[in-house]
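Now for the letters of each chain:
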Amino acid sequence: PPRSAARRPSHRDRRGPRDHVALGNEEWNPWEGDEKNELVASQQRYEANLKMIQNARSHLEQTSLRVQIWGKAAIGLYLWQHIFGGHLQPADVTAQWREGSQNAGKTYFSFITGPSVVPGYFSVEAENVVLVLNGREKAKITYATQWLHYAQTLVQTHKIQRVAVVLLGNEQCNNDWIQPYLKRHGGFVNLLFVTYDYALVNEEDIFQWPLGVATYRNFPVVEPSWSMLHDPRSYLCNFLGTVYKNSSREILMEILKQNGLDQLCWIAARDQWQPQETNESFKNYQDALLQSDLTLCPVGVNTECYRIYEACSYGSLPVIEDVMTLGDCGNSSMYHSAPLQLLKTMGAPFIFIKNWKELPAVLEKEKKMSLQEKIQRRKKLIEWYRNFKAWMKQKFINTLENSFLPNDKG
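Residues numbered from 1 in each chain as written. Predicted model: local features only at pLDDT ≥ 70, side-chain atom pairs only at ≥ 80, totals over all residues. Heavy atoms only, no water.

## Overview of the pattern of salt bridges
Note the following rule: Just to be clear on terms, a salt bridge is a Lys or Arg side-chain nitrogen sitting within 4 Å of an Asp or Glu carboxyl oxygen. For helices the rule is a DSSP run of H or I covering at least 4 residues; for strands it is a run of E covering at least 2, with both sets numbered from the N terminus onward. When accessible area is computed with a 1.4 Å probe and restricted to protein chains, residues below 20% of their type maximum are described as buried, those above 50% as exposed, and intermediate ones as partly exposed.
Counted according to the given criterion, the structure contains 12 salt bridges. Across the pair Arg184 and Asp205 runs a salt bridge, and its minimum N-O distance is 2.8 Å. Here the residue Arg184 occupies a position in the loop between β5 (162-168) and β6 (189-195), and Asp205 occupies one in the loop between β6 and β7 (206-209), the gap between them amounting to 21 residues. Judged by relative accessible area, Asp205 falls into the buried class, the value being 13%. Put simply, Asp293 and Arg378 hold a salt bridge, and the shortest N to O gap is 3.4 Å. Taken together, the residues Asp293 in strand β10 (residues 292-297) and Arg378 in helix α11 (residues 371-404) connect sequence positions 85 residues apart. Each member of the pair Asp293 and Arg378 is classed as buried. Here the salt bridges do not stand alone but share partners, grouping Asp293, Lys374 and Arg378 into one network.

## Side note on the layout of surface pockets
Unoccupied space between atoms shows up once a probe the size of one water molecule is rolled over them. Applied cut-off: Here a cavity denotes a set of grid points, spaced 1 Å apart and computed over the protein atoms alone, in which a 1.4 Å probe fits but from which it cannot get out, and a pocket denotes an open set meeting protein on both sides within 12 Å along at least five of seven lines; residues with an atom within 4 Å of a point are reported as lining. Grid points are joined across faces, edges and corners, and a volume is the space filled by probe spheres set on the points.
By volume, the second largest pocket amounts to about 310 Å³. Val222, Glu223, Pro224, Arg386 and Lys389 are the residues nearest the centre of the second largest pocket, which is lined by 19 residues in total. Secondary structure elements with two or more residues in the lining of the second largest pocket: α3 (75-83), α8 (306-313) and α11. Counting residues per element, the lining of the second largest pocket draws most heavily on α11, at seven residues.

## As for the state of the cysteines
Working definition: the covalent bond between the sulfur atoms of two cysteines is a disulfide. Definition in use: Note on terminology: disulfide denotes any pair of cysteine sulfur atoms within 2.5 Å.
All chains considered together, the criterion is met by two disulfides. The residue that forms a disulfide with Cys173 is Cys329, at a sulfur-sulfur distance of 2.0 Å. In this structure, the disulfide formed by Cys173 and Cys329 twists by about 95° around the S-S bond and is classed as right-handed. Residue Cys173 is found in the loop between β5 and β6, and its partner Cys329 is found in the loop between β11 (317-321) and α9 (341-345); the two are separated by 156 residues along the sequence. At a sulfur-sulfur separation of 2.0 Å, the disulfide partner of Cys237 is Cys265.

## Here we look at empty space enclosed by the protein
How we decide: The residue classification treats Ala, Val, Leu, Ile, Met, Phe, Trp, Tyr, Cys and Pro as nonpolar and Asp, Glu, Lys and Arg as charged. All others, Gly included, are polar.
Counted under the stated rule, the structure contains one cavity of 30 Å³ or more. Approximately 40 Å³ is the volume found for the largest cavity. In this structure, the largest cavity is lined by Asp293, Gly315, Ser316, Leu317, Lys374, Arg377 and Arg378. Among the elements that make up the lining of the largest cavity, the one with the highest residue count is α11 (three residues). Each residue belonging to the lining of the largest cavity can be placed in one class, and the counts come to one nonpolar, two polar and four charged.

## Some remarks on the sheet that holds strand β8 (residues 235-242)
To keep it simple, the criterion reads: The rule for pairing is simple: two strands pair if DSSP sees at least two bridges between them. Lines fitted to C-alpha atoms define the axes, with helix axes restricted to the stretch in contact, and inter-axis angles between N-to-C directions lie between 0 and 180 degrees.
The five strands lie next to each other as β9-β8-β10-β11-β12, forming an open sheet whose pairing is parallel. Each edge of the open sheet carries a strand with a single partner, namely β9 (265-270) and β12 (351-353). Put simply, the sheet's adjacent strands are angled 20° from each other on average, direction ignored. In terms of strand pairing, β11 meets β12 through three bridges, oriented parallel. If you follow Ile320 over to β12, its bridge partner there is Phe352.

## A look at unusual backbone geometry
The step from Gln89 to Pro90 runs through a cis peptide bond, and the omega angle for that step is -10°. Phi angles above zero are rare outside glycine, and Tyr196 is one such case at about 70°. Tracing the backbone shows Tyr196 in the loop between β6 and β7. The residue Asn218 is not glycine, and still its phi comes out positive at about 60°. Turning to its location among the elements, Asn218 is positioned in the loop between β7 and α5 (226-230). Note on Asn218: relative accessible area 45%, which makes it partly exposed.

## Structural notes on the side chain of Ser292
What counts here: In the analysis that follows, any N or O atom pair within 3.5 Å is treated as a polar contact, provided that within protein one partner can donate a hydrogen and the other can accept it, and provided that, for residues neighboring in sequence, both atoms belong to side chains. Should any heavy atoms of two residues lie within 4.5 Å, those residues are counted as being in contact.
Here Ser292 is to be found in strand β10. With a relative accessible area of 0%, Ser292 lands in the buried category. At 2.5 Å, the side chain of Ser292 and the backbone oxygen of Ala288 are in polar contact. The residues touching Ser292, leaving out its near neighbours within four places in the chain, are Arg233, Tyr235, Leu236, Cys237, Asn238 and Ser316.

See the structure below:
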């Protein structure tokens, strides 16, 4: 029985409000002691039964696969917290070691991340590993390669059996360094999930993966509130970001100024990229997304940017400059609607424009839209984004299970 049930006065002994105070800070409880005990007991019986049913059910579904995810790049947090809806302990983002686990499909997933996750200094707890790596630039690739060599040793010594890699690819899609590690080239990596419109995506062993939100800046998992869906927003559009010299972003700024549209939109441009957000600049950015009907997404080094997914999180419709950037992206045999092949294939309800000169017409139309129409569009966007993450999770699990589970066909 709860420790205080026994010494609570029954309501017959109560003389008035004084006793109420005498109970100190404990919540006053209107149940009589024995009633309360009965309630607790029945609650415990109910929970025990529930556990039994759940156990029976999980034995039916029997997890046939154990997968440990080593999150050594920030996109691992997008995979785990946003796509899988998983949790991490401790919640503190600066912790040296964070972990979580989840049953999904026929698979038991565990996830570990943090600076303390170092090759050879943690226990390998599954025969299948997903390695989340950053291949953005030289220094990151060097670090990623060390992890691959560690995994390779584990495969060779039969400590683990199969490996998949989730890779934050290079923005120009030159990811050639990872090729030799793939099974098809004599390596040991069974599956590769890679960001951006990598031309070698084939939906067999190489899959496109979404860039997602900037988890390295602690962009949160956003739960849509009633007001986010229904309230009128103060701005037609927003753009907070860097305006690079001689880029389409300069043209965008010109067009906004010429047409006086910068008065109707939340525009905060700077001429140099800043990796480190201050709390204030980050809060500003989130407010801008929450307060604007549209979020302008000019191309940067790549057409795909965190801003697209961050805008979706807050129900602000991305207006995307739909042009290929320089480099080796696109032209994959799988898709022809480059850029943003993955998002387009998944039917993203965005506004795609080829040239910022089309923007004034888009904003004119925007001014004429009723709040009701905007609410419908917002709901559709948030619903689409939720489904998109659910699809990616399902696809990820199915791909792993199809590749990692022994074939019954044999």
